[in-house]
Amino acid sequence: MTSAIGRQTETDRGHTAAGFDVLAVRSDFPILQTTVNGKPLIYLDSAATAQTPSAVIDAVVRYYNNDNANIHRGVHTLSVRATNMYESARAKAAALIGAKRPEEMIFVRSATEAINLVAQTYARDHIKPGDEVLVSEMEHHSNIVPWQLLCEQTGAVLRVAPMNDAGELRLDEYEHLLGARTKIVAVTQVSNALGTINPICDITRMAHEHGACVVVDGAQAVPHIKVDVCELDADFYAFSSHKFFGPTGVGMLYGKFDLLNSMSPYQGGGEMIRSVTFEKTTYNDVPHKFEAGTPNIAGGVGLGAAIDYVNGLGIEAIVAYEDDLLDYATQALLATPKVTLVGTAAQKAGVLSFNVDGVHPHDVGTMLDQDGIAIRTGHHCAQPVMDHFGIPATCRASLAFYNTRAEIDALVVSLRKVQEVFA
Amino acid sequence: MSDFNDLYQELILDHNRQPRNRGSIDGAALVAEGFNPLCGDRVEVFVTVVDGVIDQIKFDGTGCAISTASASLMTESLKGKTLAEAKALFRRFRDMVVDDAEDSEDGAELGKLAVFSGVCRYPARVKCATLAWHTVSAALDRADGLVTTE
């Protein structure tokens, strides 16, 4: 086990030659140099939260050491610096996902809040009793429950586009469910429980033909694939910082400018106003209209540093490296007896959900942890996905560009050990 | 393999492979269902009491090795106990898996249940070990509803 990481294998050396030096990348992440239960950490839970490189940690520390002040308020130097850093992170986030202008990016505290914001502003303004919100069967609870709340508030109806047994959206069924009453389509770009990549371009085209607005959950997509919201033609797009190697507590909502401009505010307070009297309050411009209160400034600055870090590695190089690693891991698990993959879509990113015959995922998770291997076990906040496959839970190993083939080999060795104990 | 021994002891693995007293009791007066929202584990416990003593006890449901073995060993331990003894044993068991408590004011004997003493070093698994106990406790209280470990 101890040879699993920190030492190059032949296969990992191959990647160095191919232009992605994974061992150098690993050295950028302090936590990957640590041990857990006496074993070198093998972190396979990036879909839950990704690890942060020194560049991000240092940026947050530097901000607090040198620049900390409230933004958009003071004329003093620190306030101007903090404002510039925060706004520069917004611009980086816009560039990352291909938004036309930084004003289309709203800082929130999570991808979950981003979806709730759309549900409680745009959607609540436009939905009438009997209208329909269409989600897919593979959504995270955060892209189901906000819409259920909206439906309860407005008398709208939640509809569900099914997936097949490979975990792929049934596009024909989806198209069939679209109609004049469909006002919102809310769908994930990459499934957190299965890794499926959904055909967002097709989804938005069909939805727009029926006049529906499309909200895309990009939390699992942005860390793994090149995203261009204009190409996708998404009306709204949500992602989070902590799944993108940045700090926790920061999310981003993209919205098409005209939509954002026409929307009611989300929360009331400071920052989101232009002027306040007891008789009448006028609201600030987009995006500040949606950003009441002092935000997580250091977190935003950290997200900016994370975007710089990923851009430095190159998203194309990351995609190529991860595709190869996912393929390697898929083959390795398929070759392991009594291990069943859950989610076998043709297009996947970052996630391997699986079960070990006769062993409950929680027992697998606890045992792997003893070998320093961190995986997620449970329903992954996607209980309808579990229901589809008739299982209570899965084991989920999720990948990032800092994982290695040697770590996958160690996972397989540990899984065989689990099977021995439970034989 | 030695790494796992403090939690996955042979007795636990055995009761997971071959749970004792699994099934239901038709017409049992005391029934409760327990649910662990963290992992989706569900357990249903059926109890009959004669003259203040647990006469029959069975459990059904699905769960991890810890929750299955805990339910199985619990049914073995509780058969023949008075309701007061059963509650004292639950307290003793809970103290052991939560706090690694060595001594009991109740003086209840853990017997085979001591095999779960390693659970206290795995905080994420405490609820697995106590789910069946919370459920039987609810059954004995005639709280015939859904119990959670929260």
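Parameters at a glance
In this numbering scheme, every chain counts its residues from 1 along its sequence in written order. Labels are handed out in written order, letters beginning with A for the chains and numbers beginning with 1 for the ligands. Since the coordinates come from a predicted model, pLDDT governs what is reported: local features require at least 70, and pairs of side-chain atoms require 80 or more to be given and counted, while whole-chain, interface and lining totals use all residues. Think of the side-chain values as coming from all heavy atoms in the structure, minus any hydrogens and water. For the purposes of this entry, the term helix denotes a DSSP run of H or I that reaches at least four residues, the term strand denotes a run of E that reaches at least two, and both are numbered from the N terminus. Burial classes follow relative accessibility: with a 1.4 Å probe on protein chains only, a residue under 20% of its type's maximum area counts as buried, one over 50% as exposed, and anything between as partly exposed. Whether two residues touch is decided by their heavy atoms; if any such pair falls within 4.5 Å, the residues are in contact. Joining two parts hides part of their accessible area as seen by a 1.4 Å probe, and the buried area is that hidden amount summed over both. By definition here, a salt bridge exists when the distance from a side-chain nitrogen of Lys or Arg to a carboxyl oxygen of Asp or Glu is within 4 Å. What qualifies as a polar contact is a pair of N or O atoms within 3.5 Å, subject to a donor-acceptor requirement within protein and to the restriction that residues adjacent in sequence count only when both atoms come from side chains. Domain delimitation follows an automatic or database domain assignment. Polar here means any residue other than Ala, Val, Leu, Ile, Met, Phe, Trp, Tyr, Cys and Pro, which are nonpolar, and Asp, Glu, Lys and Arg, which are charged; Gly is therefore polar.

## Remarks on the overall build of chain B
Phase 1 of the analysis: On a plain count of helices and strands, chain B comes out with four helices and four strands.
Phase 2 of the analysis: Reading chain B from its N end, one meets helices and strands in the order α-β-β-β-α-α-α-β.
Phase 3 of the analysis: Taking all 150 residues of chain B together, 51% fall into the buried category.
Phase 4 of the analysis: Sequence-distant contacts in chain B: of pairs separated by 6 or more residues, those separated by 24 or more amount to 60%.

## Remarks on the environment of Leu-78 of chain A
Phase 1 of the analysis: Inspection of the secondary structure assignment puts Leu-78 of chain A in helix α4 (residues 77-96).
Phase 2 of the analysis: For the pair formed by Leu-78 of chain A and Ser-414 of chain A, sequence separation is 336 residues and the distance between their alpha carbons is 51 Å.

## Here we look at the interface of chain A and chain B
Phase 1 of the analysis: Contact with chain A, which involves 16 residues of that partner, is made by 18 residues of chain B.
Phase 2 of the analysis: Carbon and sulfur atoms supply 59% of the area that chain A and chain B bury against each other, a total of about 1,500 Å² over both sides.
Phase 3 of the analysis: Counting across the chain A and chain B interface gives one salt bridge.
Phase 4 of the analysis: Across the pair Asp-363 of chain A and Arg-125 of chain B runs a salt bridge, and its minimum N-O distance is 2.8 Å.
Phase 5 of the analysis: Taken together, the links from chain A to chain B amount to eight residue pairs in polar contact (both at pLDDT 80 or more).
Phase 6 of the analysis: Looking at the side of chain A that touches chain B, the elements that each hand over two or more residues are α13 (361-370) and α15 (405-422) of chain A.
Phase 7 of the analysis: With five residues, α13 of chain A is the single largest residue contributor to the side of chain A that touches chain B.

## Here we look at the domain arrangement of chain A
Residues and elements named next belong to chain A.
Phase 1 of the analysis: Domain annotation of chain A identifies domain 1 (10-54 + 314-422) and domain 2 (57-311).
Phase 2 of the analysis: The partner domain 2 presents 38 residues to the 43 residues of domain 1 that form the contact.
Phase 3 of the analysis: Carbon and sulfur atoms supply 57% of the area buried between domain 1 and domain 2, which totals about 3,200 Å² over both sides.
Phase 4 of the analysis: Among the residues of domain 1 in contact with domain 2, Ile-315, Ala-349 and His-388 are the three that bury the most area, contributing 17% of the side total.
Phase 5 of the analysis: The tally of links from domain 1 across to domain 2 stands at 25 residue pairs in polar contact (both at pLDDT 80 or more).
Phase 6 of the analysis: Going through the elements one at a time, α12 (315-334), β14 (351-356) and α14 (383-389) are the ones with two or more residues in the side of domain 1 that touches domain 2.
Phase 7 of the analysis: The element that contributes the greatest number of residues to the side of domain 1 that touches domain 2 is α14, accounting for six residues.
Phase 8 of the analysis: For the side of domain 1 that touches domain 2, the residue count by class is 25 nonpolar, 14 polar and four charged.

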